[in-house]
Amino acid sequence: MIEVKVVALAGGTGSAKLLRGLKAETGSFTVVSNVGDNFWNHGLYVCPDVDIALYTLAGLADIEKGWGIAGDTYNVLRQLAALGEETWFNLGDRDIATHVFRTEQLARGNRLGDITLMFCERLKISQRILPCTDDRLETYIDTELGPMHLQEFWVKNHGEPGVTGVEYRGSDGAKAESRAVEALEEADRIIFCPANPVTSILPILSVDGIRRAVARSKARKVAVSPVIGDSPISGPAGKLMRAIGVSPTAASVARLYKGMVDVILIDAADESRRHEVEAEEVGARSGSILMNDRESERGLARLALEA
Ligand code: GDP
């Protein structure tokens, strides 16, 4: 076991696989989760990135699917559909218990960070998971049909509308979660998990206090590219990166994280393009960055812990 203070900045599906690898390789670490895709659905507050981290580290996640609890059932959603509700966002029955609990705690006046730590304790997770802010910060996609919440763009509209821009609504006034700031300032290593830069990592960094804590921290800062060659490994990162004016390559990821990271892990297949990353004044290490089983998750975690 490597004893260093590690903080992982995390989004959803790509990040979860690395978190599972990190859990196997190093016992304790803090996850600072994106909140930009949080939204209200059927009167419940849903935090997809926080939840995939919780379920992954509790050993409950359906990581292959990328969201939810493995083996969950969908009785509540079917009944909501029977009542005429829109059910484009999949919520399993056990997953709904999470959102009911969180929403009730919010109604009692508790903060998202405290509630997330309650989940860690009750699900017997030995790592800490914290949202980057307790405040409302939502990623909106500017599309040809008008601005829409990220979930409406990606889940309801299958990522199909043309995109002209991206906004992090609420980021201006959002206060960084204080324990997340402390963890970043004290970290030996900050790992930017493989994630969609536009909808997972940049919303976290759009919180001024988080951005400053990352910049100020003496930690070694390592990002994992979510892109190999000219394509992201999954999801809408390509379309969204183009919409903010960059091509989907590891070098563009380096440009977006410039000043925040020391080194970016790129795939061995991109070794010949290492100079493009280095031209952005970010170091590059190549290796196998594709995670398709537990061994490759651990292998990438080791690279991220050692780079
Ligand atoms: P989302 O909310 O599901 O889009 O979650 P993320 O922000 O975590 O985005 C997933 C990102 O992770 C995508 O851009 C993928 O290209 C990337 N990704 C998925 N699987 C892997 C993998 O095995 N390795 C790496 N390096 N990146 C991955």
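Please read these numbers as outputs of a predicted model, since none were measured by experiment.

## Examining the overall build of the protein
Then comes step 1: If you tally the helices and strands in the protein, you get 13 helices and 14 strands.
Then comes step 2: Dimensions of the protein, computed from the C-alpha atoms along their principal axes, are close to 55 × 45 × 40 Å.
Then comes step 3: With 307 residues in all, the protein has 57% of them scored as buried.
Then comes step 4: Intrachain contacts of the protein at a sequence separation of at least 6 include 64% that bridge at least 24 residues.
Then comes step 5: Accessible area of the protein: about 12800 Å², with a carbon and sulfur share of 48%.
Then comes step 6: Positive and negative side-chain charges of the protein, numbering 35 and 43 respectively, have mean locations separated by a distance of 3 Å.

## Comments concerning the site of the ligand
Then comes step 1: What surrounds the ligand is a group of 20 residues, the closest being Ser200, Pro226, Ile233, Ile289 and Met291.
Then comes step 2: Take Thr13: an N or O atom from its side chain is 3.0 Å from an oxygen atom of the ligand.
Then comes step 3: The leading source of residues in the shell around the ligand is helix H1 (residues 13–25), at four residues.
Then comes step 4: By residue class, the composition of the shell around the ligand is 10 nonpolar, nine polar and one charged.

## A word on the environment of Leu290
Then comes step 1: In this structure, Leu290 sits in the loop between strand S14 (283–287) and helix H13 (294–306).
Then comes step 2: When the C-alpha atoms of Leu290 and Lys124 are compared, they prove to be 29 Å apart, with 166 residues separating the residues in sequence.
Then comes step 3: Sequence-distant contacts of Leu290, that is, excluding residues within four places in its chain, are made with Ile228, Ile233, Asp267 and Ser296.

## Some remarks on the pattern of salt bridges
Then comes step 1: For the structure on display, the rule yields 22 salt bridges.
Then comes step 2: For Asp134, the salt bridge goes to Arg111, with nearest N and O atoms at 3.1 Å. Here Asp134, found in the loop between strand S5 (128–131) and strand S6 (138–143), pairs with Arg111, found in the loop between helix H4 (93–107) and helix H5 (112–122); they are 23 residues apart in sequence, far enough to count as distant.
Then comes step 3: One network of salt bridges, in which partners are shared, links Glu25, Glu295, Arg298 and Arg302.

## Comments concerning the pairing of strand S13 (residues 263–267)
Then comes step 1: The buried fraction of S13 amounts to five of the five residues, a majority that puts the element mostly inside the structure.
Then comes step 2: Every second residue of S13 is oriented toward a common face, with Val263, Leu265 and Asp267 on one face and Ile264 and Ile266 on the other, all of them buried.
Then comes step 3: The pairing of strand S10 (residues 220–224) with S13 spans three bridges and is classified as parallel. When the sheet's bridge partners are listed, Ala223 is paired in S13 with Ile264.
Then comes step 4: Alignment of S13 against S14, held across five bridges, turns out to be parallel. When the sheet's bridge partners are listed, Ile266 is paired in S14 with Ser286.

## Regarding the environment of Phe39
Then comes step 1: Among the structural elements, Phe39 can be located in strand S3 (residues 39–41).
Then comes step 2: Overall, Phe39 belongs to the buried group, its relative accessible area being 7%.
Then comes step 3: A sequence separation of 112 residues divides Phe39 from Gln151, and the C-alpha atoms of the two residues are 7.9 Å apart.
Then comes step 4: Sequence-distant contacts of Phe39, defined by excluding residues within four places in its chain, comprise Leu44, Tyr45, Val46, Trp88, Phe89, His149 and Gln151.

## A look at the packing of aromatic side chains
Then comes step 1: Taken as a whole and judged by the stated rule, the model has six aromatic pairs.
Then comes step 2: When the centroid spacing of 4.7 Å and the interplanar angle of 70° are considered together, the rings of Phe39 and Phe89 count as edge-to-face. With a gap of 50 residues between them, Phe39 in strand S3 and Phe89 in the loop between helix H3 (75–82) and H4 connect regions that are remote in the sequence.
Then comes step 3: An aromatic cluster of at least three residues, connected via ring pairs, comprises Phe39, Trp88 and Phe89.
Then comes step 4: Across the ring face of Trp67, the terminal group of Lys65 is positioned such that the distance to the ring centre comes to 4.1 Å.
Then comes step 5: When the ring centre of Tyr140 is taken as reference, the NZ or CZ atom of Arg169 above it lies at 3.8 Å.

## What to know about the sheet that holds S6
Then comes step 1: Strand order across the open sheet formed by three strands is S7-S6-S8, with antiparallel pairing between neighbours. Every other strand in the sheet has two partners, leaving strand S7 (146–149) and strand S8 (163–169) as the edge strands with one partner each. Pairs of neighbouring strands in the sheet enclose a mean axial angle of 25°, with direction left out of account.
Then comes step 2: Summarising the sheet, S6 and S8 pair through six bridges and their orientation is antiparallel. Residue pairing across strands places Tyr140 opposite Glu167, the latter belonging to S8.
Then comes step 3: Relative to the sheet, helix H8 (residues 197–205) contacts S6 and S8, its axis offset from that of S8 by approximately 30°.

## A short note on the environment of Ile125
Then comes step 1: Position of Ile125 relative to the elements: it lies in the loop between H5 and S5.
Then comes step 2: By relative accessible area, which is 8% here, Ile125 ends up buried.
Then comes step 3: Beyond its immediate chain neighbours, meaning those up to four positions away, Ile125 contacts Leu54, Leu57, Ala58 and Cys120.

Conventions adopted
- Each chain has its residues counted from 1, following the order in which its sequence is written.
- Only residues with pLDDT of at least 70 get local features here, since the model is predicted, and only at 80 or more are side-chain atom pairs given and counted; chain-wide, interface and lining totals rely on the full set of residues.
- With hydrogens and water set aside, each side-chain value is computed from the structure's full complement of heavy atoms.
- Each helix is a run of H or I in the DSSP string that is no shorter than four residues. Each strand is a run of E no shorter than two, and both are numbered from the N terminus.
- Burial classification: accessible surface area is computed with a 1.4 Å probe over protein chains only, and a residue below 20% of its type maximum counts as buried, one above 50% as exposed, and the rest as partly exposed.
- Contacts are assigned to residue pairs with any non-hydrogen atoms lying within 4.5 Å of each other.
- Only the protein chains shown count as cover for residues, and all accessible areas are computed by the Shrake-Rupley method using a 1.4 Å probe.
- Think of it this way: Lys and Arg go in the positive column, Asp and Glu in the negative one, and His and the chain ends go nowhere.
- For charged residues, the charge sits on one atom: NZ in Lys, CZ in Arg, CG in Asp, CD in Glu.
- One heavy atom suffices: a residue is near a molecule or strand as soon as one of its heavy atoms comes within 4 Å of it.
- Here a polar contact is recorded for every N or O atom pair within 3.5 Å, except that within protein the pair must consist of a potential hydrogen donor and a potential acceptor, and residues adjacent in sequence are included only if both atoms are side-chain atoms.
- As a working rule, the residues Ala, Val, Leu, Ile, Met, Phe, Trp, Tyr, Cys and Pro are called nonpolar, Asp, Glu, Lys and Arg charged, and the rest polar, with Gly in that last group.
- The rule for a salt bridge is simple: a side-chain nitrogen of Lys or Arg has to be within 4 Å of a carboxyl oxygen of Asp or Glu.
- Between any two strands, pairing holds if DSSP finds at least two bridges.
- Between rings of Phe, Tyr and Trp, where Trp is taken as its six-membered ring, a pair exists when centres lie within 6.5 Å; planes separated by under 30 degrees are stacked, by over 60 edge-to-face, and by other angles tilted.
- Charges are assigned to positions over rings by a cutoff of 6 Å between ring centre and Lys NZ or Arg CZ, combined with an angular limit of 35 degrees from the ring normal.
- What counts as an axis is a line fitted to C-alpha atoms, over the stretch in contact for a helix, and the angles between N-to-C directions run from 0 to 180 degrees.

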